[in-house]
Amino acid sequence: TEVSVLDRGKVNINLASQEQLEQLPGIGPTRAQAIVRYREIHGYFVYPEHLIQVPGISQTTVEKLLDQICV
């Protein structure tokens, strides 16, 4: 079965487009682009917490997003 971008109401950070990522609180166009670029270089995130590895995304931002994102 194909996993959708919205899984149980959460945004899948491995599948979401830049536009979809921009809808997350604290993630604007610049950070959304950084997430997409990170995926292109490093592949999919293993855990939602790995979002911290994206340049420009803080631990605080990741903590605020954990209940809204999945992989």
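This text gives an overview of the structure that appears in the document. The shown structure was predicted, so the numbers you read here are calculated from the model rather than taken from an experiment. (Residues numbered from 1 in each chain as written. Predicted model: local features only at pLDDT ≥ 70, side-chain atom pairs only at ≥ 80, totals over all residues. Heavy atoms only, no water.)

1. Here we look at the pattern of salt bridges
Side chains that differ in charge, positive against negative, can pair when their charged atoms come close.
Move 1: All chains considered together, the criterion is met by 1 salt bridge.
Move 2: Ionic pairing is found between E40 and R37, a salt bridge with its closest N-O pair at 3.9 Å. Residue E40 and its partner R37 are located together in helix α2 (residues 29-42), separated by 3 residues, close to a single helical turn. (Salt bridge = Lys/Arg side-chain N within 4 Å of Asp/Glu carboxyl O. Helix = DSSP H or I, 4+ residues; strand = E, 2+ residues; numbered from the N terminus.)

2. Details of the nonpolar core
Move 1: Counting 17 residues, the largest nonpolar core has L21, I35 and L51 as the members making the most contacts within it.
Move 2: Elements with a minimum of two residues in this core: α2 and α3 (59-65).
Move 3: A per-element tally of this core places α2 first, with 4 residues.
Move 4: Non-local contacts of I35, meaning those with residues more than four positions away in its chain, are made with I13, L21, I27, F45, L51, V54 and I57. (Core = buried A, V, L, I, M, F, W, Y, C linked by side-chain atoms within 4.5 Å. Buried < 20%, exposed > 50% of the residue type's maximum accessible area, 1.4 Å probe, protein only. Contact = heavy atoms within 4.5 Å.)

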